[in-house]
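# Survey of secondary and tertiary structure
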Amino acid sequence: MHKKVQLYEGKAKKVFATENEEYCIVSYKDDATAFNGQKKGQIQGKGSINNRVTNHFMQLLEKNGIPTHFVQELNATETVVKKVNIIPLEVIVRNIAAGSLASRLGLEEGVKMSTPVLEYCYKNDALGDPMVNEYHIYAMQFATREELAYIAEYAFKINKILIEYLEKCNLELVDFKLEFGKDCKGQILLADEISPDTCRFWDAKTKEKLDKDRFRRNLGDVSEAYEEVLKRVFGQ
(Lines give C-alpha, C1' and ligand atoms only; values in the text may rest on other atoms or scores of the structure.)
Protein backbone atom coordinates (compact mmCIF):
# COMPACT_ATOMS: atom_id res chain seq x y z
CA MET A 1 0.00 0.00 0.00
CA HIS A 2 2.96 2.32 0.59
CA LYS A 3 4.63 2.31 -2.85
CA LYS A 4 4.94 6.00 -3.69
CA VAL A 5 4.25 7.64 -7.05
CA GLN A 6 3.79 11.39 -6.77
CA LEU A 7 0.39 12.58 -7.96
CA TYR A 8 0.54 16.23 -6.96
CA GLU A 9 2.64 18.83 -5.16
CA GLY A 10 1.03 21.83 -3.52
CA LYS A 11 2.43 24.71 -1.50
CA ALA A 12 2.49 22.78 1.79
CA LYS A 13 2.10 19.10 0.88
CA LYS A 14 2.90 16.38 -1.64
CA VAL A 15 0.40 13.64 -2.49
CA PHE A 16 1.45 10.15 -3.52
CA ALA A 17 -0.50 7.23 -4.99
CA THR A 18 -0.60 3.86 -3.25
CA GLU A 19 -1.31 0.35 -4.50
CA ASN A 20 -4.87 0.80 -3.20
CA GLU A 21 -6.81 3.11 -5.54
CA GLU A 22 -8.99 4.34 -2.67
CA TYR A 23 -6.04 5.68 -0.64
CA CYS A 24 -3.16 8.07 -1.08
CA ILE A 25 -0.30 9.34 1.09
CA VAL A 26 -0.02 12.98 2.10
CA SER A 27 3.49 14.20 2.88
CA TYR A 28 3.76 17.52 4.75
CA LYS A 29 6.54 19.96 3.83
CA ASP A 30 8.38 22.62 5.85
CA ASP A 31 7.79 25.09 3.01
CA ALA A 32 5.71 28.13 3.95
CA THR A 33 3.84 30.51 1.68
CA ALA A 34 1.56 33.49 2.22
CA PHE A 35 -0.48 35.91 0.12
CA ASN A 36 -1.24 33.27 -2.55
CA GLY A 37 2.41 32.25 -2.86
CA GLN A 38 3.86 35.78 -3.12
CA LYS A 39 5.80 35.29 0.13
CA LYS A 40 7.82 32.11 0.49
CA GLY A 41 10.03 30.62 3.18
CA GLN A 42 10.67 27.64 5.42
CA ILE A 43 9.45 26.94 8.94
CA GLN A 44 11.61 24.36 10.66
CA GLY A 45 9.59 21.35 11.82
CA LYS A 46 6.35 22.67 10.32
CA GLY A 47 5.64 19.54 8.28
CA SER A 48 5.86 17.24 11.25
CA ILE A 49 3.84 19.54 13.53
CA ASN A 50 1.06 20.09 10.99
CA ASN A 51 0.86 16.38 10.24
CA ARG A 52 0.58 15.38 13.90
CA VAL A 53 -1.80 18.18 14.91
CA THR A 54 -4.04 17.54 11.89
CA ASN A 55 -4.24 13.82 12.57
CA HIS A 56 -5.02 14.45 16.23
CA PHE A 57 -7.90 16.74 15.31
CA MET A 58 -9.16 14.46 12.52
CA GLN A 59 -9.44 11.57 14.97
CA LEU A 60 -11.12 13.80 17.55
CA LEU A 61 -13.67 14.89 14.96
CA GLU A 62 -14.28 11.32 13.76
CA LYS A 63 -15.14 10.34 17.34
CA ASN A 64 -17.67 13.19 17.34
CA GLY A 65 -19.45 12.16 14.16
CA ILE A 66 -17.56 14.14 11.49
CA PRO A 67 -16.48 11.91 8.56
CA THR A 68 -12.85 12.65 7.57
CA HIS A 69 -10.29 11.37 5.09
CA PHE A 70 -7.90 10.19 7.84
CA VAL A 71 -6.78 6.55 7.68
CA GLN A 72 -3.38 6.08 9.34
CA GLU A 73 -0.36 8.13 10.40
CA LEU A 74 2.75 6.54 8.87
CA ASN A 75 5.50 8.66 10.38
CA ALA A 76 6.25 12.22 11.50
CA THR A 77 5.40 13.82 8.15
CA GLU A 78 3.33 11.23 6.23
CA THR A 79 -0.26 10.03 6.57
CA VAL A 80 -2.48 7.65 4.61
CA VAL A 81 -5.79 9.28 3.69
CA LYS A 82 -8.84 8.35 1.64
CA LYS A 83 -8.60 9.67 -1.88
CA VAL A 84 -11.18 12.39 -2.50
CA ASN A 85 -12.16 14.79 -5.24
CA ILE A 86 -11.77 18.15 -3.53
CA ILE A 87 -14.76 20.47 -3.73
CA PRO A 88 -13.16 23.74 -4.97
CA LEU A 89 -14.18 25.78 -1.94
CA GLU A 90 -12.35 27.14 1.06
CA VAL A 91 -14.84 26.97 3.92
CA ILE A 92 -13.94 29.60 6.52
CA VAL A 93 -15.38 29.87 10.03
CA ARG A 94 -14.68 33.07 11.98
CA ASN A 95 -15.27 33.56 15.71
CA ILE A 96 -13.18 36.69 16.27
CA ALA A 97 -12.42 39.54 13.86
CA ALA A 98 -8.95 39.14 12.36
CA GLY A 99 -7.19 39.21 9.02
CA SER A 100 -9.32 39.99 5.97
CA LEU A 101 -12.60 40.09 7.91
CA ALA A 102 -11.30 42.86 10.17
CA SER A 103 -9.95 44.93 7.26
CA ARG A 104 -12.99 44.30 5.04
CA LEU A 105 -15.55 45.38 7.63
CA GLY A 106 -13.45 47.98 9.43
CA LEU A 107 -13.42 45.99 12.66
CA GLU A 108 -10.70 46.14 15.28
CA GLU A 109 -8.78 42.86 15.34
CA GLY A 110 -9.84 40.86 18.38
CA VAL A 111 -13.53 41.85 18.38
CA LYS A 112 -15.59 38.76 19.23
CA MET A 113 -18.37 38.06 16.76
CA SER A 114 -21.85 37.67 18.28
CA THR A 115 -22.28 34.48 16.23
CA PRO A 116 -19.80 32.43 14.16
CA VAL A 117 -19.42 33.72 10.59
CA LEU A 118 -19.32 31.23 7.71
CA GLU A 119 -17.64 32.27 4.45
CA TYR A 120 -16.81 30.53 1.19
CA CYS A 121 -13.98 31.26 -1.21
CA TYR A 122 -13.43 29.75 -4.65
CA LYS A 123 -10.16 27.78 -4.59
CA ASN A 124 -8.27 29.40 -7.44
CA ASP A 125 -4.81 30.87 -6.86
CA ALA A 126 -4.77 32.70 -10.21
CA LEU A 127 -7.90 34.62 -9.16
CA GLY A 128 -6.75 35.14 -5.56
CA ASP A 129 -9.33 32.74 -4.04
CA PRO A 130 -12.27 35.16 -4.43
CA MET A 131 -15.14 35.09 -1.94
CA VAL A 132 -18.35 33.53 -3.26
CA ASN A 133 -21.83 33.01 -1.85
CA GLU A 134 -24.29 30.12 -2.11
CA TYR A 135 -25.71 31.38 -5.41
CA HIS A 136 -22.28 31.47 -7.07
CA ILE A 137 -21.64 27.95 -5.78
CA TYR A 138 -24.90 26.58 -7.20
CA ALA A 139 -24.49 28.46 -10.50
CA MET A 140 -20.90 27.24 -10.96
CA GLN A 141 -21.96 23.72 -9.87
CA PHE A 142 -19.22 23.51 -7.24
CA ALA A 143 -21.72 21.83 -4.89
CA THR A 144 -25.44 21.10 -4.78
CA ARG A 145 -27.78 22.63 -2.21
CA GLU A 146 -27.79 19.35 -0.31
CA GLU A 147 -23.99 19.09 -0.34
CA LEU A 148 -23.54 22.69 0.78
CA ALA A 149 -26.03 22.13 3.60
CA TYR A 150 -23.90 19.19 4.81
CA ILE A 151 -20.73 21.27 4.54
CA ALA A 152 -22.22 24.17 6.54
CA GLU A 153 -23.56 21.80 9.21
CA TYR A 154 -20.18 20.06 9.50
CA ALA A 155 -18.32 23.40 9.62
CA PHE A 156 -20.34 24.73 12.57
CA LYS A 157 -20.12 21.40 14.39
CA ILE A 158 -16.34 21.27 13.85
CA ASN A 159 -16.08 24.81 15.19
CA LYS A 160 -17.95 23.87 18.39
CA ILE A 161 -15.86 20.71 18.95
CA LEU A 162 -12.55 22.51 18.39
CA ILE A 163 -13.45 25.51 20.56
CA GLU A 164 -14.33 23.22 23.48
CA TYR A 165 -11.14 21.20 23.05
CA LEU A 166 -8.84 24.20 22.63
CA GLU A 167 -10.23 25.97 25.70
CA LYS A 168 -8.57 23.20 27.75
CA CYS A 169 -5.32 23.98 25.93
CA ASN A 170 -5.53 27.69 26.83
CA LEU A 171 -5.95 28.47 23.12
CA GLU A 172 -8.53 30.68 21.45
CA LEU A 173 -9.81 29.57 18.03
CA VAL A 174 -10.02 32.87 16.16
CA ASP A 175 -10.85 31.49 12.72
CA PHE A 176 -9.95 28.57 10.46
CA LYS A 177 -10.19 27.23 6.91
CA LEU A 178 -11.60 23.83 5.99
CA GLU A 179 -11.69 21.86 2.76
CA PHE A 180 -14.04 19.02 1.89
CA GLY A 181 -13.98 16.34 -0.78
CA LYS A 182 -16.06 13.45 -2.08
CA ASP A 183 -14.79 9.87 -1.85
CA CYS A 184 -15.34 7.12 -4.44
CA LYS A 185 -18.84 6.55 -3.03
CA GLY A 186 -19.76 10.22 -3.24
CA GLN A 187 -19.65 10.75 0.53
CA ILE A 188 -18.54 14.20 1.67
CA LEU A 189 -15.45 13.99 3.89
CA LEU A 190 -13.40 16.59 5.73
CA ALA A 191 -10.02 16.69 3.97
CA ASP A 192 -6.84 18.80 3.82
CA GLU A 193 -5.54 19.84 7.28
CA ILE A 194 -6.33 21.55 10.58
CA SER A 195 -3.12 23.14 11.80
CA PRO A 196 -1.37 26.44 12.62
CA ASP A 197 -1.18 26.89 8.83
CA THR A 198 -4.96 26.88 8.41
CA CYS A 199 -6.18 28.16 11.81
CA ARG A 200 -5.59 31.30 13.82
CA PHE A 201 -4.69 30.22 17.35
CA TRP A 202 -4.22 32.88 20.04
CA ASP A 203 -3.09 32.39 23.60
CA ALA A 204 -6.33 32.68 25.58
CA LYS A 205 -4.83 35.10 28.12
CA THR A 206 -2.11 37.09 26.38
CA LYS A 207 -3.67 36.95 22.85
CA GLU A 208 -0.21 36.10 21.50
CA LYS A 209 -0.47 34.76 17.94
CA LEU A 210 0.58 31.11 17.68
CA ASP A 211 -0.01 30.44 14.00
CA LYS A 212 0.98 31.33 10.43
CA ASP A 213 0.34 35.04 11.07
CA ARG A 214 3.79 35.09 12.69
CA PHE A 215 5.20 34.23 9.25
CA ARG A 216 2.79 36.47 7.30
CA ARG A 217 3.48 39.49 9.48
CA ASN A 218 7.21 38.94 10.16
CA LEU A 219 6.60 38.59 13.92
CA GLY A 220 9.46 36.13 14.45
CA ASP A 221 9.59 32.95 16.55
CA VAL A 222 7.46 31.12 13.97
CA SER A 223 8.81 27.61 14.65
CA GLU A 224 8.50 28.20 18.39
CA ALA A 225 4.83 29.20 18.00
CA TYR A 226 4.03 26.04 16.01
CA GLU A 227 5.88 23.96 18.60
CA GLU A 228 3.86 25.59 21.38
CA VAL A 229 0.58 24.66 19.66
CA LEU A 230 1.79 21.06 19.32
CA LYS A 231 2.65 20.88 23.02
CA ARG A 232 -0.68 22.32 24.13
CA VAL A 233 -2.79 20.20 21.78
CA PHE A 234 -1.09 17.04 23.04
CA GLY A 235 -1.22 18.21 26.67
CA GLN A 236 2.54 18.36 27.12
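Residues numbered from 1 in each chain as written. Predicted model: local features only at pLDDT ≥ 70, side-chain atom pairs only at ≥ 80, totals over all residues. Heavy atoms only, no water.

One pass over the structure, following the stated rule, counts 5 aromatic pairs. Arranged with centres 4.8 Å apart and planes meeting at 20°, the rings of Tyr122 and Phe142 form a pair that is stacked. Taken together, the residues Tyr122 in strand E10 (residues 112-122) and Phe142 in the loop between helix H3 (134-139) and helix H4 (145-167) connect sequence positions 20 residues apart. Since its relative accessible area comes to 15%, Phe142 is described here as buried. Between the aromatic rings of Tyr135 and Tyr138, the centroid separation amounts to 6.4 Å while the plane-to-plane angle is 80°, which identifies the pairing as edge-to-face. Of this pair, Tyr135 and Tyr138 are both found in helix H3, 3 residues apart, which corresponds to roughly one turn of the helix. For Tyr135, a relative accessible area of 62% gives the class exposed. These aromatic residues form a ring-pair network of at least three members: Tyr150, Tyr154 and Phe180. Here Arg52 stacks its cationic end above the ring of Phe234, 5.0 Å away from the centre of that ring. (Phe/Tyr/Trp six-rings, centres within 6.5 Å; stacked < 30°, edge-to-face > 60°. Helix = DSSP H or I, 4+ residues; strand = E, 2+ residues; numbered from the N terminus. Buried < 20%, exposed > 50% of the residue type's maximum accessible area, 1.4 Å probe, protein only. Lys NZ or Arg CZ within 6 Å of the ring centre and 35° of its normal.)

A separate point is the pairing of strand E6 (residues 70-73). Judged from the 3 bridges that link them, E6 and strand E7 (residues 78-82) form a sheet pairing that is antiparallel. Each residue of the ladder has a partner; that of Phe70, found in E7, is Val81. As consecutive antiparallel partners, E6 and E7 are separated by 4 residues. (Pairing = 2+ DSSP bridges.)

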